[in-house]
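# Commentary on secondary and tertiary structure
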Amino acid sequence: MQTQILRPTANGTYTEWGELWGSGTTHWDRVEEVTADESGSYVFDNTWNGTERDGFQLSDTTYTSIGSVEVVARAARITTNDNNNVRLFLRSGSTDAQSPAMTLSTTWNEVSYSWTTNPANGQPWTQSAVNSLQAGVRNAMSGSGSGGVGVTQVYVVVTQGLDQIIRPTANGTYTEWGELWGSGSTHWDRVD
């Protein structure tokens, strides 16, 4: 199976995360790097209502047969508060789809969530649908406290093709197991 990585190229519909750290002048250029720069530059949110989003337009895919779209973010809790979590989201057309809350630690780690169909219509992914996607992060903090969530890298992994199940249709080179149980008259039709 082949994969292609799509990186942010511009801000998306949402730029609600309140703080930008490090180099860069916009939200998207804090998270687009190929090698994560950890705390060198990142977007940061420290509000506690769990609704702020930062979304990014992406580079285009060249795949026409798409099996899944996975959003990946490198994120961390900026303090030790246990309620500092994040959700990943896709924006397809006017539909926002989000992952469950991802538990973070105070060290930078990758979190990811995959969609096998387009959340806007429940249909298989198309190249044009993926090329118009926005991907990003959503604050999933709850309760009250200090600190917040930092995200230093966001990208999308597009997987070409669909998983296929291939079942036995005949015996292979070896049929050395001595006993056959149940219905069937050959080795392969006991396991197909």
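Owing to the predicted nature of the structure, the values given are computational and were not obtained by experimental measurement. (Residues numbered from 1 in each chain as written. Predicted model: local features only at pLDDT ≥ 70, side-chain atom pairs only at ≥ 80, totals over all residues. Heavy atoms only, no water.)

Within the protein, the regular secondary structure consists of one helix and 12 strands. Going from N to C terminus, the protein has its helices and strands arranged as β-β-β-β-β-β-β-β-β-β-α-β-β. For the protein, the C-alpha atoms occupy an extent of roughly 70 × 35 × 30 Å along the three principal directions. For the protein, the proportion of its 192 residues judged to be buried stands at 42%. Considering only residue pairs separated by 6 or more positions, the protein has 76% of its internal contacts joining residues 24 or more positions apart. Accessible surface computed for the protein: about 10,000 Å², of which carbon and sulfur atoms make up 47%. For the protein, the centre of its 10 positive side-chain charges and the centre of its 20 negative side-chain charges are spaced 5 Å apart. (Helix = DSSP H or I, 4+ residues; strand = E, 2+ residues; numbered from the N terminus. Buried < 20%, exposed > 50% of the residue type's maximum accessible area, 1.4 Å probe, protein only. Contact = heavy atoms within 4.5 Å. Areas by Shrake-Rupley, 256 points an atom, 1.4 Å probe, with all protein chains shown as cover. Lys, Arg positive; Asp, Glu negative; His and termini not counted. Charge placed at Lys NZ, Arg CZ, Asp CG, Glu CD.)

What follows covers the pattern of salt bridges. Tallied over the full model, the rule gives five salt bridges. In this structure, Arg 74 and Glu 38 form a salt bridge, with 2.8 Å as the shortest nitrogen-oxygen distance. With Arg 74 in strand 6 (residues 66–77) and Glu 38 in the loop between strand 3 (19–21) and strand 4 (42–45), this pair connects stretches of sequence that are 36 residues apart. Residue Glu 38 is classed as partly exposed on the basis of its relative accessible area, which comes to 25%. The network of salt bridges with common partners includes Glu 16, Arg 53, Arg 91 and Asp 96. (Salt bridge = Lys/Arg side-chain N within 4 Å of Asp/Glu carboxyl O.)

By size, the foremost hydrophobic cluster in this structure holds 33 residues, and its most contacted members are Trp 125 and Val 151. Look past the residues within four positions of Trp 125 in its chain and what remains in contact with it is Ile 66, Gly 67, Ser 68, Val 69, Leu 90, Trp 115, Thr 116, Thr 117, Asn 118, Pro 119, Val 130 and Leu 133. (Core = buried A, V, L, I, M, F, W, Y, C linked by side-chain atoms within 4.5 Å.)

Let us look at the confidence of the model for the protein. Do not read the predicted coordinates in detail wherever pLDDT is low. Of all residues in the protein, 93% have pLDDT values of 70 or greater, and the mean over the chain is 88. When mean pLDDT is taken per element in the protein, strand 10 (residues 109–115) scores highest with 97 and strand 3 scores lowest with 87. (pLDDT = per-residue confidence, 0-100.)

Our focus in this paragraph is the environment of Gly 93. Residue placement: Gly 93 occurs in the loop between strand 7 (85–92) and strand 8 (95–98). For Gly 93, a relative accessible area of 57% corresponds to the exposed category. Taking the C-alpha atoms as reference points, Gly 93 and Asn 121, 28 residues apart in sequence, are found 9.8 Å from one another.

Here we come to the side chain of Ser 92. One can find Ser 92 in strand 7. Residues within four places of Ser 92 in sequence aside, it is in contact with Asn 118, Ala 120 and Leu 133.

Attention now moves to the pairing of strand 5 (residues 53–58). For a regular strand, side chains alternate in direction, first toward one face of the sheet and then toward the other. Here strand 5 lies mainly inside the structure; five of its six residues are buried. Pairing geometry for strand 2 (residues 8–15) and strand 5, over four bridges, is antiparallel. Looking at strand 5, one finds that Thr 15 is bridged to Asp 54. As defined by bridge partners, strand 5 adjoins strand 11 (residues 134–139) across five bridges and the pair is classed as antiparallel. Bridge pairing in strand 11 links Gly 55 to Gly 136. (Pairing = 2+ DSSP bridges.)

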